[in-house]
Amino acid sequence: MDRRIRRRKPAGGQANKQNKTNKAKAVNREIVVAAYRDEARVAVLEEGVLQEIFISHESRRSIVGDIYKGKVQNVLPGMEAAFIDIGHNRNALLYVGDIFVERPKQREKQEIDKLLKPGQEVLVQVTKDPMGSKGARLTTYISIPGRYLVLLPQVNTVGISHKLDEDERNRLKTILDEVRPPDAGLIVRTAAKDAEAGELKKSLNYLTRMWHQVKRTADKKRAPATLYQEPELALKVIRDLMDNSYSRVLVDSNRVHRRIRHYLREVAPVLGDRVDKYDGEKPIFEALNINEQIRDALRREVPLPSGGYIVIDNTEALTAIDVNTGRYVGKKSLEETVLRTNIEAVTEIVRQLRLRDIGGIIIIDFIDMNEAKNRRSVLKALNQELEKDRTKTYVVELTKLGLLEMTRKNVSEGLLEAFGENCPVCHGRGVIFREP
């Protein structure tokens, strides 16, 4: 039986207790922005340790979140999908489950060839960048993100971030009941914590104007056409991540520094003074040891504090992660040694998933544990660490053999794709064959 564990947030008093614990264990978080001639990089640090890296190339900018007026090229009933021309080199893919249908009949199966016809124009939003030979992934469920809110113009539902405690969620719900338009839905983001009604209304008005602009542009242009583009990388990361838990934003570009300060003055004035300009002689990523940490993240083998290590192998179908005790021999018993190594590995594995932006199917081969309570401890530790990950994950129960299956949604190229390319000699096989 497939027993999937969806990560849940604690509610009520339990959430308040956790928040107090988090405050006691506050860590120093920073966002570092580096601007190059044809590339932008944004790093997220915790106590100087690289947690996430975002990269945008001028020649292959991420298009996730962009909205297009596309034209249906092919409808494939056998795949329950359609290929949509959005004006890029490759057609994008739209599955039937990602098509918005107003007031669908319950239990009625939607058929792609009844919803779409070749030549039809359709409003779509990108949910996944083109990768390898595959085109972008699309949806017709449109969302317009802001700092505090996400506008859902086609539906009439409200969602509030589960990272907020119950009291704050109730306070925000009361405000939304007053300001929410009757013909649109909203998602309240974590950054809305402590936001006043005026701030939420201002954010909502801005998002509503953007949506009206998208519709006006769609009425004027013929497909394929770009209707909305996400902001440049630095502003997008600041919008999605920056809150009171970050001590500063360090920027090496005068232009980007001005833009970030201006943006924060508009949406979160209290954070505006946390943006600093870097004027050191060394490149900012070198001075803060970020490039060295990126190089470490590109290695196959990753050391653990006690002397163990993990090995990460990427394949076409999945990513395999192997945990080893290495030179760590422990002090009490084999079971205690194995448990400590596995618990240490959990922290590093989740960090590597975020840092490398590994997606798809992931198989983790933990060291075998004889006691069921120890397997439960490792699984609990993994789910706790995954709370730090903003990306959607599913975890399947740890087996007696120490194998754990999980999936992680990826929407853009990872670190390996950003900095690497297949060897021209072995073409990525890792082996050079001699003539038979």
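The rules behind the values
Residues numbered from 1 in each chain as written. Predicted model: local features only at pLDDT ≥ 70, side-chain atom pairs only at ≥ 80, totals over all residues. Heavy atoms only, no water. UniProt positions renumbered as here; feature names shortened; annotations may be inferred. Patch = residues over 30% accessible without salt bridge, like charges linked within 9 Å, V, L, I, M, F, W, Y side chains within 5 Å. Areas by Shrake-Rupley, 256 points an atom, 1.4 Å probe, with all protein chains shown as cover. Salt bridge = Lys/Arg side-chain N within 4 Å of Asp/Glu carboxyl O. Lys, Arg positive; Asp, Glu negative; His and termini not counted. Charge placed at Lys NZ, Arg CZ, Asp CG, Glu CD. Helix = DSSP H or I, 4+ residues; strand = E, 2+ residues; numbered from the N terminus. Buried < 20%, exposed > 50% of the residue type's maximum accessible area, 1.4 Å probe, protein only. Pairing = 2+ DSSP bridges. Axes fitted to C-alpha atoms, helices over the stretch in contact; angles between N-to-C directions. Contact = heavy atoms within 4.5 Å. Core = buried A, V, L, I, M, F, W, Y, C linked by side-chain atoms within 4.5 Å. Domains from an automatic or database assignment.

Per an unreviewed UniProt entry, the chain is named S1 motif domain-containing protein, and its organism is Candidatus Solincola sediminis. Its UniProt record gives the chain the following Cofactor (unreviewed entry) comment, quoted word for word: "Mg(2+)".

Visitor: Can you walk me through a positive patch on the surface in this structure?
Guide: On the surface, a cluster of positive charge is contributed by Lys128, Lys134, Lys392 and Lys409. In this structure, Lys392 sits in the loop between helix H10 (372-386) and strand E21 (393-396). Residue classification places Lys392 among the partly exposed positions, given a relative accessible area of 47%.

Visitor: Could you clarify how one ought to interpret the sheet that holds strand E16 (residues 275-277) in this entry?
Guide: Backbone-to-backbone hydrogen bonds pair the strands of a sheet. The strands run either parallel or antiparallel. Reading across the sheet, the five strands line up as E4-E3-E2-E15-E16 and stay open at both edges, with mixed pairing between neighbours. Each edge of the sheet is formed by a strand with only one pairing partner; in this case those strands are strand E4 (49-57) and E16. Direction aside, neighbouring strands of the sheet carry axes that sit 20° apart on average. In this sheet, strand E15 (residues 246-251) lies alongside strand E2 (residues 29-35) in parallel orientation, the contact comprising five bridges. Residue Glu30 lies in a different strand from E15, and its bridge partner there is Arg248. Running over the sheet, helix H6 (residues 254-267) touches E2, E15 and E16 and is turned about 165° from E16.

Visitor: Can you help me understand the sheet that holds strand E12 (residues 158-160) in this one?
Guide: Across the sheet, which stays open at both edges, the four strands sit in the order E10-E11-E13-E12 with mixed pairing between neighbours. Taken across any chain shown, the strands that pair with only one partner, and hence form the sheet edges, are strand E10 (144-145) and E12. Inspection of the sheet shows E12 paired to strand E13 (residues 185-188) by three bridges, in the parallel sense. Bridged to Val158 within E13 is Leu186. Packed onto the sheet, helix H3 (residues 166-179) meets strand E11 (149-152), E12 and E13 and runs at close to 150° relative to E12. Helix H4 (residues 197-220) contacts E10, E11 and E13 of the sheet and is inclined by roughly 40° relative to E11.

Visitor: Before we go on, may I ask you to explain the nonpolar core in this structure?
Guide: Burial of nonpolar side chains together is a common tendency in soluble globular proteins. Counting residues in each nonpolar core, the largest one holds 48 residues, and the members touching the most others are Ile31, Val33, Leu149, Val249 and Ile260. No other element matches the seven residues that H4 contributes to this core. If you count residues domain by domain, this core takes at least three from each of domain 1 (29-56 + 233-288) and domain 3 (144-228). Other than its neighbours up to four places away in sequence, Val33 contacts Arg41, Val42, Ala234, Val249, Leu250, Val251, Asp252, Val256, Ile260 and Ile284.

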